[in-house]
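Geometric and topological summary
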Amino acid sequence: MKRSSLVINKSQAQPSKALATLEAYWTLTAEQLIAALHTTHNGIRQADAASRIKQYGLNALKAQRQTTAFGLLLSQFKSPLVLILIFAAIVSAFVGEWTDAVIVLAVVIGSTMLGFVQEYRASNAVEKLRSQVTIKSSVLRGGKPQMVPSEQVVPGDVVLLSAGSLIPADGIVLEAKDFFVNQAVLTGETFPVEKTPGIVPAKASLAERTNGVFMGTSVRSGIAQVLIVQTGKSTAFGQIAERLSLRPAQTEFERGVQNFGYLLTRVMLVMVVIVLAINIFLAKPPIDSLLFALALAVGLAPELLPAIISITLAHGAQQMAKRGVIVRRLNSIENFGSMDVLCTDKTGTLTEGIVRLDGALDPDGQPSTTVLNYTYLNSQFQTGINNPLDDAVSAYAQQAGVKIGVEQKIDEIPYDFVRKCLSVVTADAKDERTLITKGALENILKICSQVQAGDESHPLDGKTLAGIEQHYSDWSDKGFRVLGVAIRKLDGQAASYSSADEKGLTFIGFLLFFDPPKADVQQAIVDLAKRGVQLKIITGDNEKVARHVAEAVHLPIMGLLTGRALNDMPDEALWHAAERTNIFAGVDPNQKERIILALRKTKHVVGYMGDGINDAPALHAADVGISVDTAVDVAKDAADFVLLKQDLDILREGIDVGRVTFANTLKYILTTISANFGNMFSMAGASLFLPFLPLLAPQILLNNFLSDIPATTIAGDNVDPEWVAKPRRWNTTFIRDYMVLFGLVSSIFDFLTFGALLFLFRASPAEFRTGWFIESLLTELVIALVVRTRGVFFRSRPGTLLLVSTLIVVGITLVLPYLPFNFLFGFIPLPAPLLLMMLGLTALYVLVTEIAKKYFYSRLENAIA
């Protein structure tokens with residue numbers, strides 16, 4: 001046999017960063033690879049793990065970089081608005097306007113520091129939360145199994161895999177038993193592929209490498225030991241990811257914010273060019289006109305919006321963590337709040353999630369120690385994924401005093417979602433072998449030809465089958481989950497067994513499992529309904545069990561659809577049926593995904609909660625994927641949120657936090673479009689007929705900087721109950737109409753201010769600028785308190801930080817003209833009557849805005865009605 005080339009780069013004195021680089025490793029025998037990687041069948045020594053991480057790096061596609069203060073500070077200067085201001089300062093300095101240059105730079109530094117401090121604190125908080133939920137792998141270190149974070153898996157590790165495991169890196173199979181892997185993410189194969197030890201040709205494609213497993217794929221069924229060869233960027237998945245630079249799909253809110261940003265950018269560019277051209281045409285100082293136009297652009301743009309979003313999302317993640325919800329994907333928080341349909345299995349949500357075995361019964365429905373003994377052997381000897389049913393069997397058997405005697409395990413046929421059963425082969429003292437199978441009753445009966453009756457067996461005829469099915473129906477009506485148990489005495493001593501041996505079995509009895517409904521779940525269901533979230537149950541249990549549980553927790557059944565009916569239903573029909581149905585029973589994994597996609601097709605924001613292997617496709621398909629800390633790796637990796645406890649009440653609290661986060665982000669946007677827009681349009685208009693610029697560039701930038709200070713505290717603002725009462729979604733029409741109405745109100749008061757300053761007080765240019773600076777900044781500060789609520793502003797208490805920071809900035813605004821350094825910004829002290837006029841106009845502005853707000857929301861409600 002021709003050996004493949006083996007290339008090992010290593011130093012004689014000390015290993016290089018790559019301990020061993022292997023080409024076409026899938027053509028090598030296990031022993032060759034073990035030697036090349038300096039490891040053993042028992043894995044590496046624990047003492048070697050740290051040195052290998054240092055040599056190879058972490059098993060991650062991107063090197064993890066901690067958020068450093070310096071890195072985040074530099075990122076603040078990447079903003080186009082900041083770069084525009086720095087350019088303006090350079091121009092000012094170049095023409096000798098040193099005072100303007102220094103002031104502009106001071107404002108730039110102040111603004112960037114404001115964003116930097118808040119974002120640095122927010123990013124550190126989020127990293128701490130994310131570290132609470134890590135994907136781990138079971139590895140052999142020194143022959144002993146242990147769980148380590150998947151990013152710490154290194155070449156030479158021997159990884160233990162079972163159904164539900166996420167494969168952490170690339171490697172070859174050392175041992176396997178009915179080991180099937182879902183690798184569609186890399187090869188596009190529809191069905192799971194069996195992996196076995198061996199070697200394959202050097203030119204074999206990924207799909208043809210039947211001896212290899214790859215990072216990013218997952219175990220569908222079976223068990224295996226795998227030798228890790230490539231990690232991180234060296235894996236097949238890592239090389240593809242590097243080329244494609246994949247990004248997760250944008251959430252609805254992200255798309256809305258992005259489109260809003262594009263709109264503002266277009267308006268800003270048009271306004272700046274027009275204002276600059278007209279001012280130069282009117283022979284106003286060109287440098288002042290340029291600085292004014294650039295400052296106008298900065299004043300128009302919500303430059304803090306990215307920071308505000310980061311801060312509010314981080315604050316939301318922290319609040320969720322306090323309630324037992326860990327956020328894995330930060331941008332999904334707003335989707336959580338927008339969710340109007342929640343799909344979940346009944347186990348652990350409607351029920352306690354603590355399954356108990358209620359009885360092991362013979363075919364006549366009588367208690368049977370024989371059934372219990374065989375079931376206990378099956379549960380104890382199976383080595384696949386841990387599940388609550390086997391735990392319940394063990395607890396019941398041990399309480400009954402059942403013990404394993406001389407029986408020994410010979411082989412195992414692991415569970416999969418097609419057969420829906422699990423078998424073990426045992427041998428007694430005489431080495432007589434027995435196949436013991438337990439699983440879904442319907443599937444068990446299909447592979448049985450005999451039924452046990454006392455010490456004898458007889459053919460499984462129609463009459464006997466009808467009696468078994470009647471028992472099943474009766475118990476299902478009472479809410480029991482019913483499994484079947486069957487055995488077969490085996491002839492001969494085969495080296496191994498497979499699902500082909502699961503035939504001609506003898507049915508010996510039933511297992512009755514019960515998971516009691518939660519005592520307080522009814523209130524949680526009512527609370528979700530009040531918040532506009534419809535609960536839909538998607539379960540693999542039969543329709544009778546699903547109906548019983550729904551009735552037990554008083555969940556109204558709008559419609560019930562079975563997996564069998566789904567198979568015959570085209571997608572278009574399912575779109576309509578899914579909306580009218582809230583119980584889906586007897587559903588398989590692919591059907592779960594179909595249901596989620598059908599609901600999304602009908603414009604719902606869909607959440608899905610799952611913790612099993614078969615839940616991963618649905619978790620990926622949902623707008624909001626939710627799993628639990630005890631879930632299998634593949635489910636946790638697919639989820640946006642991980643619950644530390646499987647509880648509908650925790651979900652309800654998470655939804656509230658998502659809606660609060662959405663509300664507080666929207667508050668900043670509404671403040672920006674109602675105040676900034678009005679002020680900047682007014683300023684642009686005034687610059688066309690005034691013989692002087694209405695505000696100097698440093699004054700505009702100072703105005704912008706001071707108004708941003710309270711904005712950074714908006715993440716912790718209180719939110720009115722109506723904001724969390726129902727799902728909220730990004731509404732471009734709402735934003736546009738709000739901008740037009742409240743921008744118009746703001747501009748009207750700006751021109752009233754202009755008129756008062758010019759015609760009542762005959763204000764000089766310096767007095768005009770000082771007076772309007774005070775009025776425009778005061779209106780921008782108070783508008784934040786007014787638009788933050790749909791009701792009358794003084795009946796809704798703002799957050800403490802927002803209120804205190806607003807009052808402080810109001811105080812600074814009023815004293816600025818009277819400070820010794822006022823000349824630096826072009827301010828002069830104002831006479832008392834003029835100052836009182838500015839305060840009066842601000843109060844009138846609040847009153848008119850309240851009236852406009854009432855009109856706006858009443859018209860909106862009428863339009864919805």
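Residues numbered from 1 in each chain as written. Predicted model: local features only at pLDDT ≥ 70, side-chain atom pairs only at ≥ 80, totals over all residues. Heavy atoms only, no water.

A closer look at the overall build of the chain
In plain terms, the rule: Helix and strand assignments follow DSSP, with helices taken as H or I runs no shorter than four residues and strands as E runs no shorter than two, numbered in order from the N terminus. The rule is simple: take the accessible area with a 1.4 Å probe, protein chains only, and divide by the maximum for that residue type; under 20% is buried, over 50% is exposed, in between is partly exposed. Any two residues whose heavy atoms approach within 4.5 Å at even a single point are treated as in contact. Only the protein chains shown count as cover for residues, and all accessible areas are computed by the Shrake-Rupley method using a 1.4 Å probe.
The secondary structure content of the chain amounts to 29 helices and 23 strands. Looking at the 865 residues of the chain, the share that counts as buried comes to 53%. Long-range pairs, those at least 24 residues apart, make up 73% of the contacts in the chain between residues at least 6 apart in sequence. Counting every atom, the chain has about 38,100 Å² of accessible surface; 58% of that belongs to carbon and sulfur.

Comments concerning a nonpolar patch on the surface
In plain terms, the rule: Patch members must show over 30% relative accessible area and no salt bridge, and they are joined within 9 Å when carrying like charges or within 5 Å when they are nonpolar side chains of Val, Leu, Ile, Met, Phe, Trp or Tyr. Salt bridges are defined by distance alone: a side-chain nitrogen of Lys or Arg within 4 Å of a carboxyl oxygen of Asp or Glu.
Taken together, the side chains of Leu744, Ile748 and Leu752 define a hydrophobic patch exposed on the protein surface, amounting to about 270 Å² of accessible area. In this structure, Leu752 sits in helix α26 (residues 732–760).

Things to note about the sheet that holds strand β8 (residues 325–327)
Heads up, the condition is: Note on pairing: DSSP must find at least two bridges between two strands before they are called paired. Only the stretch in contact is used when fitting a helix axis, every axis being a line fitted to C-alpha atoms; angles between N-to-C directions are given from 0 to 180 degrees.
The strand order across the open sheet formed by eight strands is β8-β23-β22-β21-β9-β18-β20-β19, and the pairing between neighbours is mixed. Whereas interior strands pair on both sides, the edge strands pair on one side only; in this sheet they are β8 and β19 (560–562). Across the sheet, the mean angle separating the axes of adjacent strands is 20 degrees when strand polarity is ignored. Both strand β9 (residues 341–344) and strand β18 (residues 534–538) contribute to a ladder of four bridges, which runs parallel. From the neighbouring strand, Thr344 faces β18, where its bridge partner is Ile537. Each of β18, β19 and β20 (583–585) touches helix α19 (residues 571–580); the most contacted strand, β18, lies at about 115 degrees to it.

What about the side chain of Thr671?
Convention followed: For the purposes of these results, a polar contact is taken to be a pair of N or O atoms within 3.5 Å, where, inside protein, one atom must be able to donate a hydrogen and its partner to accept one; residues adjacent in sequence count only when each atom of the pair is a side-chain atom.
Along the chain, Thr671 turns up in helix α23 (residues 648–689). Using a relative accessible area of 12% as the deciding quantity, one classes Thr671 as buried. Looking at Thr671, its side chain comes within polar contact range of the main-chain oxygen of Lys667, at 2.8 Å.

Digging into the packing of aromatic side chains
So the rule is basically this: A pair of Phe, Tyr and Trp rings is counted when the ring centres sit within 6.5 Å of each other, with Trp represented by its six-membered ring. The angle between the planes then sorts it: under 30 degrees is stacked, over 60 is edge-to-face, the rest tilted.
Taken as a whole and judged by the stated rule, the model has 20 aromatic pairs. Here Phe480 and Phe514 contribute two aromatic rings whose centre-to-centre distance is 5.4 Å and whose plane-to-plane angle is 55 degrees, an arrangement assigned as tilted. Of the two residues, Phe480 is situated in the loop between α15 (462–477) and β16 (481–490) and Phe514 in strand β17 (residues 505–514); the sequence distance between them amounts to 34 residues. In this pair, the class of Phe480 matches that of Phe514, namely buried. Measuring from centroid to centroid gives 6.1 Å for Phe825 and Phe827, while their planes differ by 20 degrees, and the two rings are stacked. The class of Phe825 is buried, set by a relative accessible area of 15%.

Some remarks on α15
Worth spelling out the cut-off: To estimate how far a helix should extend, the number of its residues minus one is multiplied by 1.5 Å.
An ideal rise of 1.5 Å per residue puts 22 Å on 16 residues; α15 measures up with 22 Å between its terminal C-alpha atoms. Every buried residue of α15 is accounted for by Ile468, Ser473, Trp475 and Ser476. Considering only its buried residues, α15 is in contact with β10 (356–361), α14 (441–446), β14 (448–453), β16, β17 and α17 (543–552). Gly479 sits one or two positions beyond α15 and adopts a positive phi of about 95 degrees.

Some remarks on the packing of α26 against helix α27 (residues 765–787)
When two helices pack together, their arrangement is given by the angle between their axes and by how far apart the axes lie. Where we set the bar: These descriptions rest on fixed angle ranges, namely under 35 degrees for roughly parallel, over 145 for roughly antiparallel, 65 to 115 for roughly perpendicular, and the rest for oblique. Definitions for this section: a left-handed crossing has its near helix turned counterclockwise from the far helix by less than a right angle. A right-handed crossing has that turn clockwise. As a working rule, the residues Ala, Val, Leu, Ile, Met, Phe, Trp, Tyr, Cys and Pro are called nonpolar, Asp, Glu, Lys and Arg charged, and the rest polar, with Gly in that last group.
Look at α26 against α27: their axes get within 10 Å of each other, and the N-to-C directions meet at 150 degrees. Regarding the angle of α26 to α27, the classification is roughly antiparallel. Considering how the two elements wind past one another, α26 and α27 form a crossing that is right-handed. Contacts between α26 and α27 involve Tyr738, Phe749, Asp750, Thr753, Phe754, Leu757 and Leu758 on the former and, on the latter, Glu767, Phe768, Gly771, Trp772, Glu775 and Val787. Partitioning the contact of α26 with α27 into residue classes produces eight nonpolar, two polar and three charged.

Some thoughts on the pairing of strand β4 (residues 170–182)
Side-chain direction in a regular strand flips from residue to residue, so the side chains alternate between the two faces of the sheet. Of the strand pairs in this sheet, β4 and strand β7 (residues 218–230) are connected by ten bridges, and their pairing is antiparallel. Counted as the bridge partner of Gly171 is Ile228 from β7. Sheet topology places β4 next to strand β5 (residues 193–194); two bridges connect them, and they run antiparallel. Bridging from a neighbouring strand, Val181 pairs with Val193 of β5.

Section: the packing of helix α24 (residues 697–711) against α27
Two elements in contact, α24 and α27, have axes separated by 10 Å at closest approach and are oriented at 25 degrees. By the criterion of interaxial angle, the relationship of α24 to α27 is roughly parallel. Where α24 crosses over α27, the handedness of that crossing is right-handed. Between α24 and α27, the contacting residues are Gln699, Leu702, Asn703, Leu706, Ser707 and Pro710 on the first element and Arg769, Phe773, Ser776, Leu777, Glu780 and Leu781 on the second.

A look at the pairing of strand β3 (residues 158–162)
Of all five residues that make up β3, four are buried, and the element is covered over most of its length. As defined by bridge partners, strand β1 (residues 136–141) adjoins β3 across three bridges and the pair is classed as antiparallel. When the bridges of β3 are listed, Leu140 appears paired with Val158. Here β3 runs beside β7; their pairing, made up of five bridges, is antiparallel. Each residue of the ladder has a partner; that of Ser162, found in β7, is Ile223.

With respect to α27
In this model α27 runs 32 Å from its N-terminal to its C-terminal C-alpha over 23 residues, within 8% of the 33 Å that 1.5 Å per residue would give. With respect to burial, α27 is a largely interior element, 21 of its 23 residues being buried.

Concerning the pattern of salt bridges
Inspection of every chain in the model, using the stated rule, returns 17 salt bridges. The salt bridge partner of Asp656 is Arg652, with a shortest N-O separation of 3.6 Å. Taken together, the residues Asp656 and Arg652, both in helix α23 and four residues apart, mark about one turn of the helix. The class for Asp656 is buried, based on a relative accessible area of 14%.

Digging into the environment of Glu194
Examined against the element boundaries, Glu194 turns out to sit in strand β5. Glu194 sits 14 residues away from Phe180 along the chain, and the two C-alpha atoms are 4.2 Å apart. Those residues in contact with Glu194 that sit more than four places away from it in its chain are Asp178, Phe179, Phe180 and Thr210.

With respect to the environment of Ile468
Of note, Ile468 is situated in helix α15. Accessibility expressed as a relative area gives 1% for Ile468, which makes it buried. Residues Ile468 and Pro363, spaced 105 residues apart in sequence, show a C-alpha to C-alpha distance of 6.6 Å. Filtering out sequence-adjacent residues up to four positions away, Ile468 remains in contact with Leu441, Leu445, Val451, Leu460, Phe507 and Phe510.

Observations concerning the nonpolar core
Quick note on the threshold: In this description, a nonpolar core means a group of buried Ala, Val, Leu, Ile, Met, Phe, Trp, Tyr and Cys residues linked to one another through side-chain atoms lying within 4.5 Å.
Residues Phe336, Leu350 and Leu648 are the most contacted members of the largest nonpolar core, which totals 92 residues. Here this core takes 13 residues from α23, the largest share from any one element. Not counting the four nearest positions on each side in its chain, Leu648 is found in contact with Leu342, Thr349, Leu350, Val521, Ala524, Ile525, Leu528 and Leu535. Counting 34 residues, the second largest nonpolar core, distinct from the first, contains Met271, Met683, Trp772 and Leu835.

Considering the environment of Thr779
Relative to the helices and strands, Thr779 is located in helix α27. Along the backbone, Thr779 and Ala843 are 64 residues apart, and their C-alpha atoms lie at a distance of 8.6 Å. Within polar-contact distance, the side chain of Thr779 engages the backbone oxygen of Ser776 at 2.8 Å.

Description of unusual backbone geometry
A positive phi is found at His554, a non-glycine position, where the angle reads about 60 degrees. Structurally, His554 can be placed in the loop between α17 and β19. His554 sits in the exposed class, given a relative accessible area of 52%. Backbone geometry places Lys603, a non-glycine residue, at a positive phi of 70 degrees.

Examining the side chain of Glu850
Its place among the elements puts Glu850 in helix α29 (residues 832–864). Sequence-distant contacts of Glu850, defined by excluding residues within four places in its chain, comprise Val786, Gly791, Val792 and Phe793.

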